[in-house]
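In case you want the letters, here they are:
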Amino acid sequence: MPRSLPVLSGIFVVMALSNAVVPVLPGFAEGATMQGAVYAAYFLGAFIMVLPAGMASDHLGRVPLIRAGLFLTVASGALILLFPSGLPLLLFRAVEGIGAGLFLSAALAWANSHPSAGRVSGYVMAAQNLGLVAGLLAAGWLDAVFDSHLAGIAFFTALAIPALVMSAAIRESNHAGFVEADLSLIARNYFWLFTTAAVLVGMTGMVAALYPGYTGGDPSLLALQLATVNIATVIAVLVVPRLDLRPVPAIRASSLLMAGAVAASYATPYALPVVGALAGVIIVAVLAFLAETGIRQGVMIGLFNTATYAGFTVLPALAGAIAGEFGFLAGFLLPAGLAAAMAATIGRCPAQQSAYNRPHP
């Protein structure tokens, strides 16, 4: 754990800063269109960067990209404080997303190349989700205390500075024994694995997007209910690596359970932490599958992150369109059916350590 602390503190603060605008979006922009743009600009930057960052980490090293991502996080946070509205805000939110994409792909590739890949990657994903929860809750509380929507941004930007300093202590993890990645071959062989990751991990974003409009509940209560999704994911990614589950059976079982949990969330908020916990199981299983392929992890993690960001982008929009046209019941049930379908498609992935990707002696 001490060796991983600089990476874990970095991922925590990067994710917290990204979520610190969510509860105070009206303070940054008027109207749903501009607020949506402020929210989406970050994800656009992250989406376009995670795959190039993963590929670069295999050739340039993970540590320089981790440090670059933290530097961009500090710089973008400071610039958002200086220019908190209009087009500059959109630009610097996108820069923040680029920094997060650099950091996330490099940090996960670093973790998944570790001898104890499952456990270390679990710590990284736990820190990621804790950061998301902290950004959400702390920004709302700081806004109330200081009467400023910028208080959360200032707080987490300040926290990013010591994280950047601590990054000087990070050392490369060894990817000896991993073979070079052939991107086209990976895309063909593992298309259904990345599709499964996009759909099943993206279910958390789908539920978060639908639930507020569906329930019409008090925003503070909704924030707590939705926070249970991330908290349950944190618990799962810390516990599941210790169970030594096989990836494909775990993904198959979790996809069927996810279908039931998503459908049940139409009826009760108690299903929300179940959705989060199952997403954690799936994340751990997919990362374990990727580590066992024997392929250099930068490209694999870059594709994984690209898939999950695509899921967070497409599934909420799709579910919202279905709910708008056919009602909220259909908005929950049709994605649930899509989750169940992943139980069949995951079987199309080749076994790990295939002839293509078995590490050389």
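Look up: the structure comes first, before these words.
It should be emphasised that the depicted structure is a prediction, and the values quoted were computed from it without experimental measurement.

Rules used in this analysis
- Residues numbered from 1 in each chain as written.
- Predicted model: local features only at pLDDT ≥ 70, side-chain atom pairs only at ≥ 80, totals over all residues.
- Heavy atoms only, no water.
- Helix = DSSP H or I, 4+ residues; strand = E, 2+ residues; numbered from the N terminus.
- Rg over C-alpha atoms; globule rule 2.2 N^0.38 Å.
- Buried < 20%, exposed > 50% of the residue type's maximum accessible area, 1.4 Å probe, protein only.
- Patch = residues over 30% accessible without salt bridge, like charges linked within 9 Å, V, L, I, M, F, W, Y side chains within 5 Å.
- Areas by Shrake-Rupley, 256 points an atom, 1.4 Å probe, with all protein chains shown as cover.
- Salt bridge = Lys/Arg side-chain N within 4 Å of Asp/Glu carboxyl O.
- Core = buried A, V, L, I, M, F, W, Y, C linked by side-chain atoms within 4.5 Å.
- Contact = heavy atoms within 4.5 Å.
- Axes fitted to C-alpha atoms, helices over the stretch in contact; angles between N-to-C directions.
- Parallel < 35°, antiparallel > 145°, perpendicular 65-115°, else oblique.
- Left-handed = near helix turned anticlockwise from the far one by under 90°.
- Nonpolar A, V, L, I, M, F, W, Y, C, P; charged D, E, K, R; others polar.
- Phe/Tyr/Trp six-rings, centres within 6.5 Å; stacked < 30°, edge-to-face > 60°.
- Expected span 1.5 Å × (residues − 1).

Visitor: Sorry, what's going on with the overall build of the protein here?
Guide: A tally of regular secondary structure across the protein gives 14 helices and zero strands. For the protein, the N- to C-terminal ordering of α and β elements is α-α-α-α-α-α-α-α-α-α-α-α-α-α. In terms of overall size, the protein behaves like a compact globule, its C-alpha atoms giving a radius of gyration of 19 Å where 361 residues would be expected to give roughly 21 Å. Its C-alpha atoms put the protein at 60 × 50 × 35 Å along the principal axes. For the protein, buried positions account for 55% of its 361 residues.

Visitor: Help me out: how do you make sense of a nonpolar patch on the surface in this one?
Guide: Together, Ile231, Ile235, Leu238, Val239, Leu243 and Leu245 give the surface a local cluster of nonpolar side chains, amounting to about 500 Å² of exposed area. Positionally, Leu238 belongs in helix H10 (residues 219-239).

Visitor: Help me understand the nonpolar core in this model?
Guide: When a protein is soluble and globular, its nonpolar side chains tend to lie buried together. Residues Ile66, Met258, Leu290 and Phe304 are the most contacted members of the largest nonpolar core, which totals 94 residues. Considering each element in turn, this core owes the most residues, 13 residues, to helix H12 (residues 272-292). In contact with Met258, not counting residues within four places along its chain, are Leu200, Met203, Val275, Leu278, Ala279, Ile282 and Ala339. Grouped together as the second largest cluster of nonpolar side chains are 20 residues, Leu89, Phe92, Leu150 and Phe156 included.

Visitor: Can you help me understand the pattern of salt bridges in this one?
Guide: Where side chains of opposite charge bring their charged atoms close, a pairing between them can arise. For the structure on display, the rule yields two salt bridges. Residue Glu96 is joined to Arg93 by a salt bridge in which the shortest nitrogen-to-oxygen separation is 3.3 Å. Here the residue Glu96 and the residue Arg93 both occupy positions in helix H5 (residues 86-112), the gap between them amounting to three residues, near one helical turn. Residue Glu96 is classed as buried on the basis of its relative accessible area, which comes to 2%. A relative accessible area of 0% means that Arg93 is categorised as buried.

Visitor: Sorry if this is basic, but what is going on with the packing of H12 against helix H13 (residues 297-326) here?
Guide: Helix-helix packing: each pair is described by the crossing angle between the helix axes and the interaxial distance. At a closest axis distance of 10 Å, the pairing of H12 and H13 adopts a crossing angle of 150 degrees. Comparing the axis directions of H12 and H13 gives the class roughly antiparallel. Relative to H13, the crossing made by H12 is right-handed. Between H12 and H13, the residues in contact are Ile283, Val286, Leu287, Leu290 and Ala291 and Gln297, Met300, Ile301 and Phe304, respectively. Considering only residue class, the contact of H12 with H13 consists of eight nonpolar, one polar and no charged.

Visitor: Just checking my understanding: could you explain the packing of aromatic side chains for this structure?
Guide: Any two aromatic rings considered together are summarised by their centre-to-centre distance and by the angle between their planes. One pass over the full model with this rule turns up seven aromatic pairs. The interplanar angle of 75 degrees and the centroid separation of 5.0 Å between the aromatic rings of Phe155 and Phe156 together place this pair among those described as edge-to-face. Ring pairs connect the aromatic residues Tyr42, Phe43 and Tyr309, which therefore count as one cluster.

Visitor: Looking at this structure, how should I read H5?
Guide: Each turn of an α-helix holds 3.6 residues, which means side chains three or four residues apart point in the same direction. If you check H5, its first and last C-alpha atoms are 39 Å apart, about what 27 residues at 1.5 Å a residue would give, namely 39 Å. The element H5 is extensively covered by neighbouring structure, given that 21 of its 27 residues are classed as buried.

Visitor: Could you clarify how one ought to interpret the packing of H5 against H13 in this entry?
Guide: Closest axis-to-axis distance for the H5/H13 pair is 9 Å, and the angle between their directions is 130 degrees. By the criterion of interaxial angle, the relationship of H5 to H13 is oblique. Between H5 and H13 the crossing geometry is right-handed. In this structure, H5 uses Leu104, Ser105, Leu108, Ala109 and Asn112 to contact H13, whose residues at the interface are Gln297, Gly298, Ile301, Gly302, Phe304, Asn305 and Tyr309. Across the contact of H5 with H13, the residue classes tally to six nonpolar, six polar and no charged.

Visitor: Teacher, can you tell me more about the environment of Ala264 here?
Guide: Its place among the elements puts Ala264 in helix H11 (residues 247-264). Each C-alpha atom, one on Ala264 and one on Val274, is 9.7 Å from the other, the two residues being ten residues apart in sequence.

Visitor: For this particular structure, what's the right way to read unusual backbone geometry?
Guide: In most cases, non-glycine residues show a negative phi, while peptide bonds are predominantly trans. For Asp147, which is not glycine, the phi dihedral falls at a positive 55 degrees. As for its position among the elements, Asp147 is in the loop between helix H6 (117-146) and helix H7 (151-166).

Visitor: Where do I start with the side chain of Ser4 in this structure?
Guide: Note that Ser4 resides in the segment before helix H1 (5-19). A residue is classified by how much of its surface remains accessible, and Ser4, at 6% relative accessible area, is buried. Leaving out residues up to four positions away in the same chain, Ser4 has contacts with Trp110 and Val120.

Visitor: For this particular structure, what's the right way to read the side chain of Thr306?
Guide: Within the fold, Thr306 resides in helix H13. Those residues in contact with Thr306 that sit more than four places away from it in its chain are Phe47, Val50 and Leu51.

Visitor: Hey, could you run me through the environment of Leu51 in this one?
Guide: Along the polypeptide, Leu51 turns up in helix H3 (residues 32-60). Here the alpha-carbon distance between Leu51 and Ser76, two residues 25 residues apart in the chain, equals 21 Å. Excluding its chain neighbours within four sequence positions, the residues that come into contact with Leu51 are Val299, Gly302, Leu303 and Thr306.

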